[in-house]
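Spelled out, the chains give:
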Amino acid sequence: MSQRPNLSHGRGYLAIPGPSIMPDAVLQAMHRPAPNIYEGEMVDMMPGIFDGLKRVARTEHYAAVYIGNGHAAWEAALSNVIAPGERVLVPATGRFGHGFGEMATGIGADVKLIDFGKSSPMDLDVIAAALAEDKSHKIKAVLAVHVDTSTSVLNDIKGVRDVLDAAGHPALLMVDCIASLGCDRFEMDAWGVDVMVTGCQKGLMVPPGCSFVFFNQRAQAVREAMPRVSVYWDWTPRSTGTELWQYFNGTAPTHHMYGLRVALGMIHDEGIEQVWARHTVLARAIWAACDAWGAGGDLRMNIADPANRSTAVTSLRLKGNDGTRLRNWVEQELGLTLGIGLGMAEVGDPARDAFFRLGHMGHVNGQMIMGLLGGMQAGMSALGIAHGRGALDAAADVIAGDGLSAPLVDKVDDVVNSPTCCGNSN
Ligand SMILES: *Cc1c(COP(=O)(O)O)cnc(C)c1O
């Protein structure tokens, strides 16, 4: 039998949960000579960029831009409202929840961690109990993650606000939307979020290097009462300054702003509701394929209940080292890169090689997702990884239908009881 040629020549596809796929129009906008940073277009376009950012975040309040990644936005946000010794509540649902908490520890906060494990959303009753216990209102902020990119869990942020209000607790609600913004529905003002952080390299479709902190008047009042805030992290001049350098505390990230301007324009031309709906349909196609594969093999989605799944990222597990084998195969043979498992098993633990993730955030469309799924299925076939049949049909059916009205069911029981389960008919 002749050997199949390598099929990776062609345009690569990075299907990891950030950096995401960048539109060519964004890259083209960045390919230009350096602009004048004192006057002209660069200065004039900033109000439109702030406006576009706030519209994606669904807030009418303040936005600050940082030259940095998501970790920088964590530190920036915390530095404006949390002083050393002050208490924060961290309901963690994955690696990034812990990371947000570790950043708070790093600036001297007294972190009260509630660990909800690696495959469940926050339990609002547990958060309510922690708030009820805090009679003297020592907790100054709740640090929540909307979508934890390691587990791909989607948390109920409005629910956290409701719990705070029901308890009459004044803590700020601070939310990490680094994975979710521009993918999963998020309503900063309507959900009563006081501070939100995000990065530019996921749903916002810009190369890594900028991050954003959004905040409301309540958060600003807390900021004003702070004994000291580092000059560099201070969000005040960044959000209300009048000169370009003030927005960045120094030279502007000129080319990032050109890229971001185009990316925001694309999001708003499509319409934010439409962007969320697109991510929902594409995610449902992925889930339908995973359900079908899982019915005849070991593939499982980390989050069992579809209601708790992000539409930006899907965390998956196979068995043994099949996650790593599959990633390596599709990258080498097809030019398709899947995400590593993150935070599901310790570094050095062989169990890590069972896990992997799919990024489907930002500039992704129907044919890309069908290509991603087809590539995964080819990899499983080539490697002899058992999988159920009909996955690509199931995904295509989601895309062929309206993609939104099909009922979402928790398929875990069905999978176990299925006649095709566990290699029975494969
Ligand atoms: C990516 C991500 C981060 C970290 O962002 P960096 O840009 O890598 O620093 C934090 N939180 C969540 C939810 C993320 O998805």
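If you're wondering where the values come from, they're calculated on a predicted model, not measured in any experiment.

Calculation rules
- Residues numbered from 1 in each chain as written.
- Predicted model: local features only at pLDDT ≥ 70, side-chain atom pairs only at ≥ 80, totals over all residues.
- Heavy atoms only, no water.
- Phe/Tyr/Trp six-rings, centres within 6.5 Å; stacked < 30°, edge-to-face > 60°.
- Helix = DSSP H or I, 4+ residues; strand = E, 2+ residues; numbered from the N terminus.
- Lys NZ or Arg CZ within 6 Å of the ring centre and 35° of its normal.
- Core = buried A, V, L, I, M, F, W, Y, C linked by side-chain atoms within 4.5 Å.
- Buried < 20%, exposed > 50% of the residue type's maximum accessible area, 1.4 Å probe, protein only.
- Domains from an automatic or database assignment.

The next subject is the packing of aromatic side chains. Summed over the entire model, instances satisfying the criterion amount to eight aromatic pairs. Both rings, one in Phe50 and one in Tyr247, keep their centres 5.0 Å apart while their planes meet at 65 degrees; by these two values the pair is edge-to-face. One end of the pair, Phe50, is in helix α3 (residues 46-57); the other, Tyr247, is in helix α10 (residues 244-248), with 197 residues separating them in the sequence. Relative to Phe248, the ring of Tyr247 lies with its centre 6.3 Å away and its plane at 90 degrees, an arrangement referred to as edge-to-face. Grouping aromatic residues by their ring pairs yields a cluster made of Phe50, Tyr247 and Phe248. Positioned over the ring face of Tyr258 is Arg32, at 3.9 Å from the centre of the ring. The lysine or arginine in question, Arg238, covers the ring of Tyr232, its NZ or CZ lying 4.6 Å from the ring centre.

Within the largest apolar cluster, 56 residues are counted, with the highest numbers of intra-cluster contacts made by Phe186 and Met257. When residues of this core are sorted by domain, at least three fall in each of domain 1 (24-269) and domain 2 (271-417). By size, the runner-up hydrophobic cluster in this structure holds 37 residues, among which are Ala285, Leu326, Leu336 and Met376.

Backbone torsion omega between Gly18 and Pro19 reads 0 degrees, so that peptide bond is classified as cis. In this structure, Pro19 sits in the loop between β1 (13-15) and α1 (24-30). Phi at Ser152 takes a positive value of approximately 65 degrees, unusual for a residue other than glycine. Tracing the sequence through the fold places Ser152 in the loop between β6 (147-148) and β7 (153-154). For Ser152, a relative accessible area of 3% gives the class buried. Positive phi outside glycine occurs at Asn249, with the angle close to 50 degrees.

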